[in-house]
Amino acid sequence: MRKLALHWQIMIGMVLGIIFGVIMTSISGGADFVKNWIQPVGSIFVRMLKLIAVPLIVASLVKGISDLKDISKFQNMGIRTIVIYVVTTIFAITIGLGLVNVMQPGNGITQETVTKLKEKYSDNKSVQAKIAEAGKQKETGPLQFIVDMVPDNAIKAMSNNKMMLQVIFFTILLGISLLLIEEKKAKPLKDFFDSLNEVVLKIVDLIMLTAPFAVFALLATVIVSADDPAILLALLRYAGVVVLGLAMMVGFYCVLVSTYVGKSPLWFLKQISPAQLLAFSTSSSAATLPVTMERVEEHLGVDKEVTSFVLPVGATINMDGTSLYQAVAAVFIMQVLWPEGLVFSNQMTIILTALMASIGSAAVPGAGMVMLVIVLDAVGFPPELLPIGLALIFAVDRPLDMCRTVINITGDATVSMIVAKSLGKLGEPNAKNWDDHYNK
Ligand code: ASP
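Residues numbered from 1 in each chain as written. Predicted model: local features only at pLDDT ≥ 70, side-chain atom pairs only at ≥ 80, totals over all residues. Heavy atoms only, no water.

(A) Quick peek at helix α2 (residues 30-67). Between its first and last C-alpha atoms α2 spans 53 Å; for 38 residues at 1.5 Å apiece the expected length is 56 Å, and the two agree. Q39 marks where α2 bends most, by close to 45 degrees; the proline P40 follows one to four residues later. (Helix = DSSP H or I, 4+ residues; strand = E, 2+ residues; numbered from the N terminus. Expected span 1.5 Å × (residues − 1). Bend = angle between axes of the 7 residues up to and from the residue.)

(B) Highlighting the layout of surface pockets. Empty space within the largest pocket amounts to approximately 1,400 Å³. Lining the largest pocket are 39 residues, and of these Q137, D148, G360, S361 and M371 lie nearest its centre. In the lining of the largest pocket, the residues fall into 20 nonpolar, 12 polar and 7 charged. Counted as a void, the second largest pocket has a volume near 1,000 Å³. Every residue lining the second largest pocket is counted, 35 residues in all, and those nearest its centre are T221, V222, S225, A226 and R398. Of all the secondary structure elements, the ones that give two or more residues to the lining of the second largest pocket are α1 (6-26), α2, α5 (125-138), α10 (211-225), α11 (229-234), α13 (265-282) and α20 (397-422). The biggest single contributor to the lining of the second largest pocket is α10, with 7 residues. (1 Å grid on protein atoms, 1.4 Å probe; cavity = no way out; pocket = protein on both sides within 12 Å on 5 of 7 lines; lining within 4 Å. Points joined across faces, edges and corners; volume = space filled by probe spheres on them. Nonpolar A, V, L, I, M, F, W, Y, C, P; charged D, E, K, R; others polar.)

(C) Molecular detail of a nonpolar patch on the surface. A contiguous nonpolar surface patch, about 740 Å² in accessible area, is contributed by L4, W8, I12, V15, L16, I19, I23 and I27. Among the structural elements, I12 can be located in helix α1. Under the relative-accessibility criterion, I12 is labelled partly exposed at 43%. (Patch = residues over 30% accessible without salt bridge, like charges linked within 9 Å, V, L, I, M, F, W, Y side chains within 5 Å. Areas by Shrake-Rupley, 256 points an atom, 1.4 Å probe, with all protein chains shown as cover. Salt bridge = Lys/Arg side-chain N within 4 Å of Asp/Glu carboxyl O. Buried < 20%, exposed > 50% of the residue type's maximum accessible area, 1.4 Å probe, protein only.)

(D) Here's a closer look at empty space enclosed by the protein. Taken as a whole and judged by the stated rule, the model has 2 cavities of 30 Å³ or more. By volume, the largest cavity amounts to about 80 Å³. In terms of lining, the largest cavity is formed by 16 residues, of which the most central are T322, A362, V364, D401 and N408. Within the residue set of the lining of the largest cavity, elements represented by two or more residues are α18 (367-378) and α20. Looking at the lining of the largest cavity, its residues break down into 5 nonpolar, 9 polar and 2 charged. Empty space within the second largest cavity amounts to approximately 30 Å³.

(E) Quick look at the site of the ligand. Lining the immediate environment of the ligand, one finds 15 residues, of which S285, T322, G368, D401 and R404 sit closest. The contact in question runs from a nitrogen atom of the ligand to an N or O atom on the backbone of S283, over 2.9 Å. A distance of 2.3 Å separates an oxygen atom of the ligand from a polar atom in the side chain of S285. Relative to its unbound accessible area of 270 Å², the ligand is 100% covered by the protein chains. Because more than half of its atoms lie within 2 Å of the grid, the ligand is assigned to the largest cavity. Residue assignment for the shell around the ligand shows that the elements contributing at least two residues are α18 and α20. At 4 residues, α20 tops the list of elements feeding residues into the shell around the ligand. Its residues assigned to classes, the shell around the ligand comprises 5 nonpolar, 8 polar and 2 charged. (Near = heavy atom within 4 Å. Polar contact = N/O pair within 3.5 Å; in protein donor to acceptor, adjacent residues only side chain to side chain. Sits in = over half its atoms within 2 Å of the grid points.)

(F) Structural view of the environment of Q276. Checked against the element boundaries, Q276 lands in helix α13. Its relative accessible area of 13% is what places Q276 among the buried residues. For the pair Q276 and E133, spaced 143 residues apart in the sequence, the C-alpha separation amounts to 28 Å. For Q276, the residues in contact, after removing those within four places along its chain, are L269, V406, I409 and T410. (Contact = heavy atoms within 4.5 Å.)

(G) Layout of the nonpolar core. Among the nonpolar cores identified, the biggest contains 126 residues, and Y238, F332, I350, L372, F381 and I393 are the most heavily contacted of them. In terms of residues, this core owes the most to one element, helix α16 (residues 320-337), which gives 12 residues. With sequence-adjacent residues up to four places away left out, F381 is seen in contact with I333, M334, L337, W338, L376 and L386. With 9 residues, the next largest nonpolar core counts V58, A157, V167 and L178 among its residues. (Core = buried A, V, L, I, M, F, W, Y, C linked by side-chain atoms within 4.5 Å.)

(H) Layout of the packing of aromatic side chains. Per the counting criterion, the structure on display carries 8 aromatic pairs. On the basis of an interplanar angle of 35 degrees and a centroid distance of 5.3 Å, the ring pair of F20 and F216 is categorised as tilted. Here the residue F20 occupies a position in helix α1, and F216 occupies one in helix α10, the gap between them amounting to 196 residues. Its relative accessible area of 22% is what places F20 among the partly exposed residues. Considering the side-chain rings of F252 and Y253, the 6.0 Å spacing of their centres and the 40 degrees angle between planes classify their relative orientation as tilted. The exposure class assigned to Y253 is buried, which follows from its relative accessible area of 1%. (Phe/Tyr/Trp six-rings, centres within 6.5 Å; stacked < 30°, edge-to-face > 60°.)

(I) Up close: the side chain of E297. On the secondary structure map, E297 appears in helix α14 (residues 285-299). Engagement of the side chain of E297 in a polar contact is seen with the side chain of K304, the distance being 2.5 Å. Once residues within four sequence positions are removed from consideration, E297 is found in contact with L201, V302, K304 and T307.

(J) The arrangement of the pattern of salt bridges in detail. Going through the model one piece at a time under the given rule, you end up with 11 salt bridges. Between E198 and K432 there is a salt bridge, with its nearest N and O atoms 3.7 Å apart. Residue E198 is found in helix α9 (residues 183-208), and its partner K432 is found in the segment after α20; the two are separated by 234 residues along the sequence. Look at K432 and you get partly exposed, because its relative accessible area is 27%. Measuring nitrogen to oxygen at the nearest pair gives 2.5 Å for the salt bridge that ties K304 to E297. Relative accessible area serves as the criterion here: at 14%, K304 is assigned to the buried category. Salt bridges sharing partners connect three or more residues here, namely K63, D67, K190 and D194.

This is how it looks when you write it as C-alpha cells:
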C-alpha cells in the first residue's frame, strides 16, 4: 500500500486535533484533561525539535562554509541574503500598511468592545509581561544588537536557543578558519561535522515520524486555551486584514519562485508544506528550523552552502509575517485609541521600526507582540494607553501568530531559492527517508 504523504498525515492530525479540542471544550473537565494528558505530547515534540537546532546549525554551517572554494563567495552570499531579506520585509510592511489604511478595521470596534477587552485583558499577566520585556529592550543603545551577536563564551551561546545569532557568529568564524588552514589538517574536523550533519538530518526524519500525533496535541491545546468565540468575532475584521495581507505575501513568494527561480509555485508549496504545517502548529520559526532546513535542502534541491547560512539567519532576522502583523496591529490600535496619531510621518516611522522590530523579534510564540510595543512607542503612542492597546488584540494573537509564523518560514525558504538560483547553487531534490539504510 502506498504510504500517505507526510503533509497529509500532518493535516489529518491537525483536523482531528481541532475536532478533539472542540469536543473537549464542551465537556466539563475536558480542558484540564487536554492540558494534563495531551499537551505534554506536543511539548515533547517541540523540545525535540529545539534540541537539534544548535547541532544542526553548527554542523551544516561549518560544512557549508568549508565546502566553499573561496571566502569571497560567502561574503557575496551574505550581502545578497541580507539585502533580499530587508527588501521582502519592507514589501510586507507596505502591504500591511496599505491594507489597514484602506480597510480601516479599527472603525468596526465599538466603545463597548473596547471596555470589555480592557476589563478582561489589560491587567492580564501576559500583557504586562510583554510590556515589561519591551521596556528592557528599549533601554539598550542603538548598537547593542550588534554587540549581542558576538558571544563571549561559545559553550554558553550554544546552551541557549535564544542566542542563535551568537552561535552563527562563532560557527562562521570556525568555518572560515577551517578554510584558511592546511587541507590535511582541516580534514578530520570537516569530516566530523560532515558526519554530524548527516546524523542530525536523520534525527529530523525520525522526529517527523511523530509529527502527525504531535500536531494533534498542539492544536487540541490551542483550541481548549482559546478565548470566548464572541470576543474572537469582534476582532474578526482586524484578524481578517492580517490574514489577507499574509495571503498576499504567499502570492508574492509564488510570483518570485516562478519568475525568478523558474519553478512551479505549487511544487514549491507542496515541498515545504510539512514545515509550514509545523510552523502553524508550533508558532515558532526556531522550533521549525530543523524541518525547514531539511525540506529546503532535500526536497527543493538548494545546496547546503546556501541553506546552512540563509535559513538559520532568516529564522532569526527575516520575519515578513511578523512585520506585516506589526504594521497592521499598530495602525489598528491607533485607529481605535489614538486616531490623532495617524499622520503620514508616523506611518513612515512604522515602516522603519517594524523592520527593526521584526529583525529583533525572537523566533518563538508571541514574540512579535513584544516588539509591537516598541513600534508603538516609536510613534509616540501614549504609554498609559499601551495595556489597553495590547488588550485589544490579545485575544486573537495566538491564531495570528500561527499564521504569521507560516509566512516567516515561507519567506526564508523563498529567499533560499532566490539566493541559490543567483549563485548557481540550485540542484535537483534528493529526498531521503529515515529508513534508507536501515535494511542494509
Ligand atoms: N512566532 C513568530 C515566529 O516564531 C514570531 C512572532 O511573530 O511572534 O516566527
